[in-house]
Amino acid sequence: MLRDSVTALRAIWCLIRSNSTGRKLNELLIIAAPELMERRREWLESLTGERRLAANTLDAYERDTRQFLAFLTAHVGGPASLSDIRNLRPSDLRAFLAHRRREGSGPRSLGRHLAGLRSFLRHLEKKGLINAAAAGAVRAPKQPKSLPKPLTNSQALNIVTTDAQLQEEPWLAARDAAVLTLLYGCGLRISEALALRPADLTEGTTTLRVNGKGGKTRIVPLLPVVLEAVTRYRTLCPFHLPPDEPLFRGARGGPLQPAIIQREMQKLRGAFGLPETATPHALRHSFATHLLAGGGDLRTIQDLLGHASLSTTQIYTGVDTARLLEVYDRAHPRA
């Protein structure tokens, strides 16, 4: 039965190849051996049931593998089978990516194509059907670096004040203001701010020791306005704050979760008419960008942000240049 089905599919394939519109039909039809199609169906179901991927990701992986099977069918000259998948070489996968690039896929789409194929091939490998080494040997296309999107000076100053917070409880408003002020005033990541303990910020403290990514520690200046915001929160907080436990607490007294600050920032975006890019992490970007615009040097900003490489910090020069050009285009009479 399986051999008859494959024979029939090969016959259809021959008809399509002889058709002048064969290339378009090839894109629309999945031409592969029934066993391979069944394995693909199992894999897609596993993504839904076991890994619980988002619907958009599932749609993308379904489309990516469909396009790959259509390409492979043309590549091998007949309906793709498990044997063809088993015999895949890195050059075959690179040929597919080159094909998709010619069709208009950019670096991000190509990276997703490869991620979907790797997932499918590893699924087959776990079933003992193939060796997925070819997929691991292909490097994903280099992704373009997108520039950070900081807030303007006035936007950042507006949302870090206690009066701007939308919490009804005064101590919660003070808490949110203190966290946001730490992100903007010290350039902290939200995880770094929420990991602080009362012992880290005592009266008269002028510097802050931050435990960053990878266990790396850095020292950042603690501006008086930042310490004032934290002190106000500590004064109003109704819970006891032991020196070596998390400083920032949720409404019920447990450690404050990042999602709460992210949700409050979302409300502030609506209240102040800010763009979707105005996130808690955008305050860290704003810290770096505003320092650079004010004359700060890259090495110092690198140390303050805790970047391992100066090249990571250099992206902020692109932001500053883009802003200068924007101001020029808006203000210069000959622009």
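Residues numbered from 1 in each chain as written. Predicted model: local features only at pLDDT ≥ 70, side-chain atom pairs only at ≥ 80, totals over all residues. Heavy atoms only, no water.

1. Here's the deal with the overall build of the protein
Summing up its helical and strand segments, the protein has 17 helices and 2 strands in all. Counting the 335 residues in the protein, one finds 43% classified as buried. In the protein, once contacts between residues fewer than 6 apart in sequence are set aside, the share between residues at least 24 apart is 62%. Carbon and sulfur atoms provide 53% of the accessible area of the protein, an area that totals close to 18400 Å². (Helix = DSSP H or I, 4+ residues; strand = E, 2+ residues; numbered from the N terminus. Buried < 20%, exposed > 50% of the residue type's maximum accessible area, 1.4 Å probe, protein only. Contact = heavy atoms within 4.5 Å. Areas by Shrake-Rupley, 256 points an atom, 1.4 Å probe, with all protein chains shown as cover.)

2. Here's the deal with the packing of aromatic side chains
Applying the stated rule across the entire model yields 7 aromatic pairs. Taking 5.1 Å as the distance between ring centres and 45° as the angle between the ring planes, the aromatic pair formed by Trp43 and Phe120 counts as tilted. Taken as a pair, Trp43 in helix α3 (residues 34-49) and Phe120 in helix α7 (residues 107-126) lie far apart in primary sequence, 77 residues in all. A relative accessible area of 1% places Trp43 in the buried class. Judged by relative accessible area, which is 1%, Phe120 ranks as buried. (Phe/Tyr/Trp six-rings, centres within 6.5 Å; stacked < 30°, edge-to-face > 60°.)

3. Describing the layout of surface pockets
Of the volumes computed, that of the largest pocket is approximately 340 Å³. The wall of the largest pocket is formed by 17 residues, among which Leu157, Val160, Thr181, Tyr184 and Val225 lie closest to the centre. When contributions to the lining of the largest pocket are tallied by element, the ones reaching two or more residues are α10 (170-186), α12 (224-236) and α14 (280-293). Residue contributions to the lining of the largest pocket peak at 5 residues, all from α12. (1 Å grid on protein atoms, 1.4 Å probe; cavity = no way out; pocket = protein on both sides within 12 Å on 5 of 7 lines; lining within 4 Å. Points joined across faces, edges and corners; volume = space filled by probe spheres on them.)

4. Topic: the side chain of Glu192
One can find Glu192 in helix α11 (residues 190-194). According to the relative accessible area criterion, Glu192 is buried, its value standing at 4%.

5. Description of the pairing of strand β1 (residues 207-211)
Residues Leu208 and Val210 point to one face of β1 and are all buried, whereas Thr207, Arg209 and Asn211, pointing to the other face, are not buried. Relative to strand β2 (residues 217-221), β1 runs antiparallel, the two sharing 5 bridges. The residue of β2 that forms the bridge with Arg209 is Ile219. Adjacent in sequence and paired antiparallel, β1 and β2 are bridged by 5 residues, among which Gly214 carries a positive phi angle near 65°. (Pairing = 2+ DSSP bridges.)

6. A word on the nonpolar core
Leu182, Leu188, Leu208, Tyr233, Phe248 and Leu283 are the most contacted members of the largest nonpolar core, which totals 47 residues. Every element with two or more residues in this core is listed here: α9 (153-159), α10, α11, β1, α12, α13 (258-272), α14 and α15 (298-305). Those residues in contact with Leu182, other than ones at most four positions away along the chain, are Gly187, Leu188, Leu196, Leu208, Val226, Val230 and Phe248. Core analysis: the second largest hydrophobic core is formed by 30 residues, Leu93, Phe120, Ile130 and Ala134 among them. (Core = buried A, V, L, I, M, F, W, Y, C linked by side-chain atoms within 4.5 Å.)

7. Comments concerning the packing of α10 against α14
Direction vectors running N to C along α10 and α14 enclose 30°, while the axes themselves pass 7 Å from each other. Considering their axes alone, α10 and α14 lie roughly parallel with respect to each other. Of the residues in α14, those in contact with Leu180, Leu183, Tyr184, Gly185 and Cys186 of α10 are Pro280, Leu283, Arg284, Ser286, Phe287 and His290. Residues of the contact of α10 with α14, tallied by class, amount to 7 nonpolar, 3 polar and 1 charged. (Axes fitted to C-alpha atoms, helices over the stretch in contact; angles between N-to-C directions. Parallel < 35°, antiparallel > 145°, perpendicular 65-115°, else oblique. Nonpolar A, V, L, I, M, F, W, Y, C, P; charged D, E, K, R; others polar.)

8. Examining the packing of α10 against α12
Contact geometry of α10 with α12 gives a least axis separation of 8 Å together with a crossing angle of 155°. The angle between α10 and α12 places the two elements in the roughly antiparallel class. For α10 against α12, the interelement crossing comes out left-handed. Every residue of α12 that contacts α10 at Pro170, Trp171, Ala174, Arg175, Ala178, Thr181, Leu182, Gly185 and Cys186 is listed here: Val225, Val226, Ala229, Val230, Arg232, Tyr233 and Leu236. Tallied by class, residues from the contact of α10 with α12 come to 12 nonpolar, 2 polar and 2 charged. (Left-handed = near helix turned anticlockwise from the far one by under 90°.)

9. Regarding the side chain of Gln302
Residue placement: Gln302 occurs in helix α15. Here Gln302 is in contact with His307, Ala308, Ser309, Leu310 and Thr313, once residues within four sequence places are set aside.

10. Here we look at the confidence of the model for the protein
Taken residue by residue, the protein gives an average pLDDT of 82. The fraction at 70 or more is 82%. Across the protein, element-level confidence peaks in α10 with a mean pLDDT of 94 and bottoms out in helix α2 (residues 22-28) with 40. This stretch, residues 1-28, has a pLDDT under 50; its non-local contacts, to residues over four places away or in other chains, come to 30 contacts. (pLDDT = per-residue confidence, 0-100.)

11. A closer look at the pattern of salt bridges
Going through the model one piece at a time under the given rule, you end up with 15 salt bridges. Among the salt bridges present, the one from Arg39 reaches Glu42, with a minimum N-O distance of 3.4 Å. Remark: Glu42 and Arg39 occur in helix α3; sequence separation between them is 3 residues, near one turn of the helix. According to the relative accessible area criterion, Arg39 is partly exposed, its value standing at 22%. Take Glu42: its relative accessible area is 25%, and that puts it in the partly exposed class. Between Glu45 and Arg41 there is a salt bridge; the shortest N-O distance is 2.5 Å. Taken together, the residues Glu45 and Arg41, both in helix α3 and 4 residues apart, mark about one turn of the helix. Among the residues examined, Glu45 registers a relative accessible area of 47% and is labelled partly exposed. Residue classification places Arg41 among the partly exposed positions, given a relative accessible area of 37%. Through salt bridges with shared partners, one network takes in Glu38, Arg41 and Glu45. (Salt bridge = Lys/Arg side-chain N within 4 Å of Asp/Glu carboxyl O.)

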